[in-house]
Amino acid sequence: MLVNSSTRYGAVARLFHWSIALLVFVDIVLGLVGKFTPRTGETADFLQLLYSTHKTIGVLVLGLAVLRVLWAISQPRPVPLHPERRVETFAAETAHWMLYAAIFVMPLSGWVMHSAEVGFAPIWWPFGQNLPFVPKSEGVAETAATVHWIAGIVLVATVAAHIGGALKHAIIDRDETLARMVRGTAAGTPAKGGLAHGVAAFAALVIWAVSIGGAVVVFAPAHTEETGAQPEVVQSEGWIVQDGSVSITVVQIGAPVDGVFANWQAAIEYDPESGAGQVTAVIETTSLALGSVTDQAKGPEFFDVETFSQATYQGEIARIDGVRHNAVGALTLVGQTVPVSFDFDLGVTDGVAVMSGATTLDRRDFGMGAAYSDESSVGFGVDVSIALTATAPE
Ligand code: HEM
Ligand code: HEM
């Protein structure tokens with residue numbers, strides 16, 4: 001039977017339950033593996049693949065969650081098997097509401113975080129990466145990340161209790177609770193009635209409100225203070241960066257080492273007619289991964305990310321010829337502002353701008369690596385490559 005009755009879960013409800021359960025498990029595992037994988041040049045590709053998979057599965061869960069809820073409200077809910085055990089029934093019902101909410105809270109908080117940052121691990125789908133009304137902002141990303149993390153803890157605790165309950169019914173009570181969800185077995189006595197869903201739903205709502213509220217009000221600001229991240233640079237108007245990369249290559253003991261900045265934002269004004277515009281880019285130096293020398297590069301000798309967590313570039317864009325453009329401006333890095341100009345290619349097709357460019361900086365201009373006064377261990381030149389795609393302002 002496809003549909004539910006008051007004593008059984010139909011095939012559709014069970015398919016939703018188990019497919020979402022599986023995808024949620026996979027996403028928890030991927031999220032945790034990602035969290036505990038060190039950020040180095042060697043793991044950058046792996047992490048990109050991992051997070052793209054994680055995000056794509058997450059938005060799939062969100063889509064299934066919407067369909068599941070639409071289906072569930074059109075269906076009777078099977079009655080509890082032991083309504084006389086009021087506490088147990090209430091706990092189980094509350095857990096169900098918690099889990100229904102979780103399959104929205106987790107993907108949405110993840111997606112807000114993804115929309116607020118730029119240029120890392122896209123969702124694999126053609127429908128755009130960013131949610132409307134979410135500005136590109138480190139502060140927003142940080143808050144959403146905290147909500148995602150706290151909500152993840154709530155989810156894992158609830159799933160553990162939920163599985164524990166299911167196993168208790170199967171092993172200790174030896175009743176049909178698990179069989180109802182696995183095989184669609186009919187069980188329960190509708191006449192006995194159940195506990196009011198409303199109270200359990202309200203309890204779940206309160207737990208979620210406290211968790212998310214706590215994440216937004218208490219944990220996120222504390223975290224922001226710790227890391228010195230500033231809630232700033234809102235990309236309000238102008239071109240909207242969809243994807244891109246900011247990478248550097250340094251020469252260490254004669255061999256090139258490639259690295260990337262995972263987090264950066266750019267506010268771009270550009271008129272395709274005249275080829276003129278302005279750019280302001282903020283790069284989180286804390287997000288640098290530079291192979292095995294990431295820690296040294298972030299240390300006080302070089303990027304000194306403890307003191308200077310951001311680098312800023314501001315420049316004027318002008319067209320040279322065709323797609324060839326030039327940016328004339330200044331880069332502020334480790335507290336030093338130095339004029340930096342570079343050429344790049346920028347083409348606009350159907351409202352999508354594709355930009356790529358490269359330049360070479362001299363670390364000595366910024367007083368970086370003063371203790372390495374020759375090039376034997378660290379070269380003076382640092383190659384910087386930038387590539388991005390952006391969509392036209394509304
Ligand atoms: C091995 C893992 C899991 C097992 C063994 C399991 C087992 C069950 C069982 C036996 C029920 C029916 C309870 C009843 O009839 O009173 C149920 C319902 C439910 N489960 Fe799971 N579950 C698992 C994972 C998950 C996960 C990961 C989620 C969501 C994130 C989830 C969400 C739900 C929800 C929302 C219901 C209530 C369905 C409804 O009545 O509309 N479950 N589960
Ligand atoms: C069922 C849905 C999802 C679950 C269960 C889930 C779970 C998790 C878990 C357990 C973590 C590791 C803990 C942490 O770092 O916060 C994580 C991290 C992350 N998730 Fe998700 N997630 C889901 C959906 C999404 C979606 C849809 C996106 C983006 C579109 C996303 C983006 C991220 C990102 C970027 C991180 C890394 C966070 C950081 O480095 O601070 N997640 N997720």
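Residues numbered from 1 in each chain as written. Chains lettered and ligands numbered in written order. Predicted model: local features only at pLDDT ≥ 70, side-chain atom pairs only at ≥ 80, totals over all residues. Heavy atoms only, no water.

## Things to note about the domain arrangement of the protein chain
Point 1. Domain annotation for the protein chain reports domain 1 (11–227) and domain 2 (240–391).
Point 2. For domain 1 versus domain 2, the separation of C-alpha centres amounts to 38 Å.
Point 3. Facing 16 residues of domain 1, the contacting portion of domain 2 comprises 16 residues.
Point 4. Counting the surface lost from both domain 1 and domain 2, the interface buries some 1200 Å², and carbon and sulfur atoms represent 49% of this.
Point 5. At the boundary of domain 1 with domain 2, the tally comes to zero salt bridges.
Point 6. At the surface where domain 1 touches domain 2, the tally comes to one residue pair in polar contact (both at pLDDT 80 or more).
Point 7. By residue class, the composition of the side of domain 1 that touches domain 2 is five nonpolar, six polar and five charged. (Domains from an automatic or database assignment. Contact = heavy atoms within 4.5 Å. Buried area = accessible area lost by both parts, 1.4 Å probe. Salt bridge = Lys/Arg side-chain N within 4 Å of Asp/Glu carboxyl O. Polar contact = N/O pair within 3.5 Å; in protein donor to acceptor, adjacent residues only side chain to side chain. Nonpolar A, V, L, I, M, F, W, Y, C, P; charged D, E, K, R; others polar.)

## Focus: the sheet that holds strand S5 (residues 288–289)
Point 1. If you trace the 10 strands from one edge of the open sheet to the other, you get S3-S4-S6-S7-S8-S9-S10-S1-S2-S5, paired in antiparallel fashion. Every interior strand has two partners, whereas the edge strands, strand S3 (264–271) and S5, have only one.
Point 2. Bridge count between strand S6 (residues 310–321) and strand S7 (residues 324–333): nine bridges; the pairing is antiparallel. By the bridge assignment, Asp-321 is partnered in S7 with Arg-324. (Pairing = 2+ DSSP bridges. Helix = DSSP H or I, 4+ residues; strand = E, 2+ residues; numbered from the N terminus.)

## A look at the site of ligand 2
Point 1. Gly-31, His-54, Lys-55, His-148 and Trp-149 are the nearest of the 22 residues found near ligand 2.
Point 2. One of the side-chain nitrogen or oxygen atoms of His-54 is found 2.8 Å away from a nitrogen atom of ligand 2.
Point 3. His-148 has a polar side-chain atom sitting 2.8 Å from a nitrogen atom of ligand 2.
Point 4. For the shell around ligand 2, the secondary-structure elements that each account for two or more residues are helix H1 (11–35), helix H2 (44–73), helix H3 (86–116) and helix H4 (138–173). (Near = heavy atom within 4 Å.)

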